[in-house]
Amino acid sequence: MDLSNSYLNKPNLKTLSLDTENQETPIHFITDGITPTKYFYRRNHFSYPNLNQQSLLLPVYGEVNTPLTFPYCYLRSMPGRSIVSVLECSGNKRAYFNPKTYGDQWQDGAISQGIWKGVSLSNLLNLTGIKNTAKEVLFIGQDQGTRTDLDGIFNYAKSLPIEKALHEDTIIAYELNKSIIPYEHGFPLRLVVPEWYGMASVKWLKEIQVIDYKFEGPFQTIDYVYYPNKYNDKGAVPVTTIKINSIIKQPLNYSLLDTKTHEIFGIAWTGSGTITDVELSFDNGSTWKKTNLYGKSSQSYGWSNWRYLWEVKDKGEYTIMCRAKGSAGNIQSLEAIWNRKGYGYNAVYTIHVKVE
Ligand SMILES: Nc1nc2c(c(=O)[nH]1)N[C@H]1C(S)=C(S)[C@@H](COP(=O)(O)O)O[C@H]1N2
Ligand SMILES: [Mo]
């Protein structure tokens, strides 16, 4: 169901902050498929960067045989690759952690899916060649600013292991939803890393370095790390692949319903494998009923849509739980794994409704 063009709904982004700009997608009210660009969530660490002529050049250097600088127009003339991919912030659903964690209190909408078009990074690295000493590929954004925990000025920068960087669907994108990427989403060039949380998809690419060491910038080793303990860093592991997850889009939490048949619907997604089932429970998780999955194209990294017709005759209060299962044997559990910075919340999704 697409409510986005209905006279009933003209949704807006849900604002968390404006400078830096952090806004959620009104996920409960929009399309099953591609997120229209104007409803695409926005997540920024700094103010938007100032661009100039230089921003249209992408240098690739470091542990390569031939350092090369790729002009924007040249990249656009290379064979392109289009992918449909979910982009989800690892802080999506942070608001649901108990105990609470610090950071933007995202609810369900720090997720969108777009059609990204660009050039496989592996094509560029084939042209430069890679030395055997190469360990990681480092992506530096043009945006910069200060942090609350460190002195100095930092660019947004993240690295990928060589294997992930060389995957043909890791692309240097120049289009979102068949138009030039909007400034807010990384114009002129942004990295898109399917299957990984959004932090890996560096916007406003300034340069790419192939490096022979482990990158230790603050967005790599302080942020985007799961810290299982509140008071120490023991057991820390980097945030990478998107965890299996789902939401109920309709009905909304705490809505009032009549005794009729109601369509319950939503989405489910995972960064490893595909979604095989989405199930609902009306008895606090004792029994689960299969929903109908629809609308996922096989070549995509997109989310799956699901729906379920709920015939409800008895008045009363109901708890409805939703969980997704994946081909990798992954399944949502009742509790999310708590971590100090509040990443990767993926507990069974629960809503309450009253039938009257
Ligand atoms: N240069 C740069 N790239 C960035 C960020 C940023 O602040 N600066 N934020 C990252 C994070 S945490 C997310 S979730 C996505 C958000 O992308 P969007 O704003 O296009 O939705 O971009 C990633 N890439
Ligand atoms: Mo993010």
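A quick note: this is a predicted structure, and the numbers were derived from the prediction, not measured.

Looking at the sheet that holds strand 13 (residues 205-211)
Alright, step 1. With mixed pairing, five strands are arranged side by side in an open sheet as 5-4-13-8-9. On the outer flanks of this sheet lie strand 5 (68-71) and strand 9 (154-161), each paired with one strand and no other. Each neighbouring strand pair of the sheet contributes to a mean axis angle of 20°, computed without reference to strand direction.
Alright, step 2. One ladder, built from seven bridges, connects strand 8 (residues 136-145) with strand 9; its direction is antiparallel. If you follow I140 over to strand 9, its bridge partner there is A157.
Alright, step 3. Strands strand 4 (57-62), strand 5, strand 8 and strand 13 of the sheet are contacted by helix 2 (residues 121-128), whose axis makes an angle of about 140° with strand 5.

Some thoughts on the UniProt feature "domain: Oxidoreductase molybdopterin-binding" (unreviewed entry) in the protein chain
Alright, step 1. In the numbering used here, UniProt assigns the feature "domain: Oxidoreductase molybdopterin-binding" (unreviewed entry) to residues 45-217.
Alright, step 2. Secondary structure content for residues 45-217 is 11% helix and 37% strand, and the end C-alpha separation is 14 Å.

Brief notes about the site of ligand 1
Alright, step 1. Around ligand 1, a shell composed of 19 residues is seen, among which Y41, H45, D143, H185 and K203 lie nearest.
Alright, step 2. Here H45 contributes a side-chain N or O atom positioned 2.7 Å from an oxygen atom of ligand 1.
Alright, step 3. At a separation of 3.0 Å, a nitrogen atom of ligand 1 approaches a polar backbone atom of S201.
Alright, step 4. Starting from 540 Å² of accessible surface for ligand 1 in isolation, the protein chains cover 100%.
Alright, step 5. More than half of the atoms of ligand 1 fall within 2 Å of the grid points belonging to the largest cavity.
Alright, step 6. Among the residues forming the shell around ligand 1, the class breakdown is nine nonpolar, five polar and five charged.

Quick notes on the sheet that holds strand 2 (residues 21-24)
Alright, step 1. Strand order in this open sheet of three strands is 1-2-3, and the pairing throughout is antiparallel. Whereas interior strands pair on both sides, the edge strands pair on one side only; in this sheet they are strand 1 (14-18) and strand 3 (42-43).
Alright, step 2. Sheet topology note: the strand 1/strand 2 ladder contains four bridges and is antiparallel. Of the residues in strand 2, the one forming a bridge with T15 is Q23.

Quick word on the domain arrangement of the protein chain
It is common to give the size of an interface as the accessible area that goes away when the parts come together.
Alright, step 1. Entries for the protein chain in the domain assignment read domain 1 (7-238) and domain 2 (245-355).
Alright, step 2. On a C-alpha basis, the centroid separation for the pair domain 1 and domain 2 is 27 Å.
Alright, step 3. If you look at the interface, domain 1 gives 45 residues, while domain 2 gives 27 residues.
Alright, step 4. Of the roughly 3200 Å² buried where domain 1 meets domain 2, counting both sides, 56% is carbon and sulfur surface.
Alright, step 5. In this structure, the connection of domain 1 to domain 2 is made through two salt bridges.
Alright, step 6. A salt bridge links D233 to R340; the shortest N-O distance between them is 2.9 Å.
Alright, step 7. Taken together, the elements giving at least two residues each to the side of domain 1 that touches domain 2 come down to strand 6 (81-88), strand 7 (111-120) and strand 14 (225-226).
Alright, step 8. Sorting elements by how many residues they give to the side of domain 1 that touches domain 2 places strand 6 first, with five residues.
Alright, step 9. A breakdown of the residues in the side of domain 1 that touches domain 2 according to their chemical character gives 19 nonpolar, 15 polar and 11 charged.

Reading the values: rules and limits
- Residues numbered from 1 in each chain as written.
- Chains lettered and ligands numbered in written order.
- Predicted model: local features only at pLDDT ≥ 70, side-chain atom pairs only at ≥ 80, totals over all residues.
- Heavy atoms only, no water.
- Pairing = 2+ DSSP bridges.
- Helix = DSSP H or I, 4+ residues; strand = E, 2+ residues; numbered from the N terminus.
- Axes fitted to C-alpha atoms, helices over the stretch in contact; angles between N-to-C directions.
- Contact = heavy atoms within 4.5 Å.
- UniProt positions renumbered as here; feature names shortened; annotations may be inferred.
- Near = heavy atom within 4 Å.
- Polar contact = N/O pair within 3.5 Å; in protein donor to acceptor, adjacent residues only side chain to side chain.
- Areas by Shrake-Rupley, 256 points an atom, 1.4 Å probe, with all protein chains shown as cover.
- 1 Å grid on protein atoms, 1.4 Å probe; cavity = no way out; pocket = protein on both sides within 12 Å on 5 of 7 lines; lining within 4 Å.
- Sits in = over half its atoms within 2 Å of the grid points.
- Nonpolar A, V, L, I, M, F, W, Y, C, P; charged D, E, K, R; others polar.
- Domains from an automatic or database assignment.
- Buried area = accessible area lost by both parts, 1.4 Å probe.
- Salt bridge = Lys/Arg side-chain N within 4 Å of Asp/Glu carboxyl O.

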